[in-house]
Amino acid sequence: MVFRRPTADGAIAHGRIDYRLARAAVIADVRQGLVDRSEACDAHPELVRAAAQVGVITSGTCPICESPSLVHVTYVFGPRLPRHGRCVTLRGELARLAKRPGTHVAYVVEVCRKCSWNHLSHRLDLGKAEIA
Ligand SMILES: [Zn+2]
């Protein structure tokens, strides 16, 4: 299922799936005590390392610890890339990967550098989505 969202100029962006509702549900469960904080803040050590070294700082704060240490880490999957995906480390790398032949998909993960909160933010079908 592909969701379409209006952009600032009213156009429809294709190829982007947002996981905002799933994120809100997890946050609500943590706040209500239905999910233990340690389960929500369980970023894999490799993800924590990527967040520290190549994470892109977001304007938001962590929904769990309210730290401004929230970053996005992007992994791309597609032909001729490692099975575990390629962590985007360079500016412009996403746009370069989008130009490659074949289907490439980017997963953007929200990670807190302080408490290790992590959640899938959105998915982009490269070649179809608007890449910022
Ligand atoms: Zn946090």
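Along each chain, residue indices are assigned from 1 in the same order as the chain's sequence is written. Side-chain atom pairs in this predicted model are given and counted only at pLDDT of 80 or more, local residue features only at pLDDT of at least 70, and totals for whole chains, interfaces and linings cover all residues.

Peer 1: Please provide a residue-by-residue account of the nonpolar core, values included.
Peer 2: A general trend in soluble globular proteins is that nonpolar side chains are found buried together. The nonpolar core criterion groups buried Ala, Val, Leu, Ile, Met, Phe, Trp, Tyr and Cys residues into a set whenever they are joined through C-beta atoms within 7 Å. With C-beta atoms placed from the backbone, a residue is labelled by how many other C-beta atoms lie within 10 Å of its own: buried for 20 or more, exposed for 12 or fewer, partly exposed between the two. Formed by Ala 40, Ala 43, Ala 50, Ala 51, Cys 62, Ile 64, Leu 70, Val 73, Val 109, Val 111, Cys 112 and Trp 117, the largest nonpolar core amounts to 12 residues. Secondary-structure elements contributing two or more residues to this core are helix H3 (45-54), strand E5 (70-77) and strand E7 (105-112). The biggest single contributor to this core is E7, with three residues. Once residues lying within four places of it in the same chain are set aside, the contact partners of Ile 64 are Val 30, Arg 37, Ala 40, Cys 41, Cys 112, Cys 115 and Trp 117. Judged by nonpolar contacts, the second largest core, of six residues, contains Val 76, Leu 97, Leu 124 and Leu 126. A run of H or I in DSSP becomes a helix once it reaches four residues, and a run of E becomes a strand once it reaches two; helices and strands are each numbered from the N terminus. By definition, residues are in contact whenever their C-beta atoms, placed on the basis of the backbone, come within 7 Å of each other.

Peer 1: I'd like a rundown of the pairing of E5, residues and numbers included.
Peer 2: Two strands pair if DSSP finds at least two bridges between them. Both strand E4 (residues 56-57) and E5 contribute to a ladder of two bridges, which runs antiparallel. The residue of E5 that forms the bridge with Val 56 is His 72. In terms of strand pairing, E5 meets E7 through eight bridges, oriented antiparallel. Within E7, the residue paired with Thr 74 across the bridge is Val 108. For E5 and strand E6 (residues 86-87), the ladder comprises two bridges, and the chain directions are antiparallel. Each bridged residue has a counterpart across the sheet, and for Tyr 75 the counterpart in E6 is Cys 87.

Peer 1: Help me get a handle on unusual backbone geometry, residues and values and all.
Peer 2: For Glu 66, which is not glycine, the phi torsion reads 65 degrees and is therefore positive. For Glu 66, the position within the fold is in the loop between E4 and E5. The backbone phi angle of Arg 80 is positive, close to 65 degrees, even though this residue is not glycine. With respect to the element layout, Arg 80 can be found in the loop between E5 and E6.

Peer 1: Describe helix H1 (residues 20-31), with residues and values.
Peer 2: For H1, built from 12 residues, the straight-helix expectation of 16 Å at 1.5 Å per residue is met to within 8% by its first-to-last C-alpha distance of 16 Å. Looking at the residues trailing H1, positive phi occurs at Gly 33, about 80 degrees. Expected span, for any helix, means 1.5 Å times one less than how many residues it has.

Peer 1: Mind laying out the pairing of E7, listing which residues take part and the relevant values?
Peer 2: Note that E7 and strand E8 (residues 118-125) share seven bridges and pair antiparallel. Bridge pairing links Tyr 107 to Arg 123 in E8. A loop of five residues connects E7 with E8, the two strands running antiparallel in sequence, and Ser 116 in this loop sits at a positive phi of about 70 degrees.

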